[in-house]
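# Coordinate inspection notes
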Amino acid sequence: MTTSEHPSIRDMAQAVISAIGREGDNLEPLRSGLLEAVKPFIARPDLFSLGVKRPGNHIDNSKYVYYDGELSITIDQLPQGLVVPPHDHGVWEALCLLKGRLRHVVYDRLDDGSVDGHAELKTIEDKIYTPGEMAMVMPPAEIHSFEALEPETFICTIVGGNYKPTRHYYNADKNTYVVAQAGKQPKAA
Ligand SMILES: [Fe+2]
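Since the model is a prediction, treat every value here as computed from it, not as a measurement.

The rules we used
- Residues numbered from 1 in each chain as written.
- Predicted model: local features only at pLDDT ≥ 70, side-chain atom pairs only at ≥ 80, totals over all residues.
- Buried ≥ 20, exposed ≤ 12 C-beta atoms within 10 Å, placed from the backbone.
- Helix = DSSP H or I, 4+ residues; strand = E, 2+ residues; numbered from the N terminus.
- Pairing = 2+ DSSP bridges.
- Expected span 1.5 Å × (residues − 1).
- Arc of directions from axis to C-beta.
- Contact = placed C-beta atoms within 7 Å.

### A few points about the pairing of strand E7 (residues 93-99)
- Of all the seven residues making up E7, five are buried; the element is thus mostly covered by neighbouring parts of the structure.
- Strand direction decides the pairing type here: E7 and strand E10 (residues 134-137), joined by four bridges, are antiparallel. By the bridge assignment for E10, cysteine 96 is matched with methionine 134.

### Thoughts on helix H1 (residues 9-23)
- Taking 1.5 Å of rise per residue, 15 residues should cover 21 Å, and H1 covers 21 Å from first to last C-alpha, within 8% of that figure.
- Here H1 has its buried residues at Met12, Ala13, Val16, Ala19 and Ile20. Burial along H1 is one-sided: seen end-on, the buried residues are contained in an arc of 120°. Those residues of H1 that are exposed and aimed more than 90 degrees away from the buried face are Arg10, Gly21 and Arg22.
- The inward-facing, buried residues of H1 contact strand E2 (6-7), helix H2 (27-42), strand E4 (62-67), strand E5 (72-78) and strand E12 (153-159).
- Phi turns positive, to about 60°, at glycine 24, one or two residues after H1.

Have a look at this one:
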């Protein structure tokens, strides 16, 4: 149901699901399709009152707007200065800027993964995103890090499936990584 000129959560989720069905795993068309799907929704004046609280992986203020067992759509506040270190998740993740500014870095992994604890990362994107833009990662190039550059930085995060149970947190300067359970960011990373 659409209420007046603003789409409902279900309208938005259906538009997101259609974009996924249409564009599959093609990064740029999917990014454009997801942006189109969420744009009218994120213009809702009551946007920040929607959703239910969830335990974030790296942050305190995170709310589920939609979850169906695979697709999840959340609204997240990223504290200024918090650097989420390079990590992977096994699924694509799209971060749509709602407020503030976000530095988002995407990495390629150059080594073959044969040495435990060792990883060589190469930066393939380092960009500052502003409201209305969408940062996105997709396997195999799905390692990213990010940092809020303003105190009021909010994103709408769309995740295309369930996170793998463990994730790698990388130290790009030291060429190392540690393994952590999804939901528990290691202090050492
Ligand atoms: Fe991530």
